[in-house]
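Below, each chain spelled out in residue letters.
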Amino acid sequence: EVLAVDIDPALVQEFAGELTKVVEADATDTTTLEQLGAKDFDAAVVGIGTNIEASVLIVLALSDLGLTNIWAKATNEKHARILERTGAAHVVFPEQRMGERVAHLINERLLDFISFGDEFAIARLIAPEPLLGLPLVTSQCRKKYDVTVVGVKREGEDFIHAVPDTIIFPGDELVVSGRIHDLEAFSAM
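Parameters at a glance
- Residues numbered from 1 in each chain as written.
- Predicted model: local features only at pLDDT ≥ 70, side-chain atom pairs only at ≥ 80, totals over all residues.
- Heavy atoms only, no water.
- Helix = DSSP H or I, 4+ residues; strand = E, 2+ residues; numbered from the N terminus.
- Buried < 20%, exposed > 50% of the residue type's maximum accessible area, 1.4 Å probe, protein only.
- Phe/Tyr/Trp six-rings, centres within 6.5 Å; stacked < 30°, edge-to-face > 60°.
- Contact = heavy atoms within 4.5 Å.
- Core = buried A, V, L, I, M, F, W, Y, C linked by side-chain atoms within 4.5 Å.

## Thoughts on unusual backbone geometry
- Although it is not a glycine, glutamine 140 sits at a positive phi angle of roughly 55°.
- Its identity is not glycine, yet aspartate 146 carries a phi of approximately 60°, on the positive side.
- With respect to the helices, strands and loops of the structure, aspartate 146 is situated in the loop between helix 7 (141-145) and strand 8 (147-153).
- Overall, the relative accessible area of 35% leaves aspartate 146 in the partly exposed class.

Structure follows, in structure tokens:
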């Protein structure tokens, strides 16, 4: 069940058919949120980034209602610190994360990329040419490139977990884990 609250009537109209309940209201007001039953939800997401004051006031109102699982979007580090101090349990920087992700995806072989923030990542990529026709044990991905092939997706087939005997074919998509610079080097070979 999802309750969406916004002061923009056009947005309320746009999402009315997609979400459980969409209400035009001022979410910065604790009384309004209480009347809408916001305290009965397991989690709250505050997706305002452009109006720092509104995002902080909404997080504060949700926190005052007793919600502890509050996710909030921040535009900078100071905004994030304020959100955390007013009750946000999770602060995200979607634009920054997407920018980092896109930077890695510029490499044409990388199809998807998830960084864990400690120089470790998982990537989905098109199988590099030197691996084609070889079982993983022979290609020595882990020894030569310090990456681990976790799984393989072939067109028209289900995803399979990689084992040493897995042979890589042209067009295979690989799910690979390792340090970011190792993944980038592996995908570029």
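## Points about the packing of aromatic side chains
- Using the criterion set out here, one finds one aromatic pair in the structure.
- For the pair tyrosine 145 and phenylalanine 186, a centre-to-centre distance of 5.4 Å together with 65° between the ring planes defines the contact as edge-to-face. Here the residue tyrosine 145 occupies a position in helix 7, and phenylalanine 186 occupies one in helix 8 (residues 180-188), the gap between them amounting to 41 residues.
- A relative accessible area of 25% places tyrosine 145 in the partly exposed class.
- For phenylalanine 186, a relative accessible area of 0% corresponds to the buried category.

## Some points on the side chain of threonine 32
- Topologically, threonine 32 is positioned in helix 2 (residues 30-35).
- Assessed through its relative accessible area of 19%, threonine 32 is described here as buried.
- When sequence neighbours within four positions are dropped, the list of residues in contact with threonine 32 reads Ala25 and Asp26.

## Overview of the environment of proline 135
- Mapped onto the elements, proline 135 comes out in the loop between strand 7 (120-126) and helix 6 (136-139).
- Those residues in contact with proline 135, other than ones at most four positions away along the chain, are Pro164, Asp165, Thr166 and Ile167.

## Remarks on the nonpolar core
- Ranked by internal contacts, the top residues of the largest apolar core, which has 19 residues, are Leu33, Val46, Val59, Leu62 and Leu83.
- Mapped by element, the contributors of at least two residues to this core are strand 3 (44-46), helix 3 (52-64), strand 4 (70-73) and helix 4 (77-85).
- With five residues, helix 3 is the largest single contributor of residues to this core.
- Setting aside residues up to four positions removed in sequence, valine 59 forms contacts with Val46, Ile70, Ala72, Leu83, Thr86, Gly87 and Ala88.
- Counting 18 residues, the second-largest nonpolar core is a separate cluster that includes Ala127, Leu136, Cys141 and Ile168.

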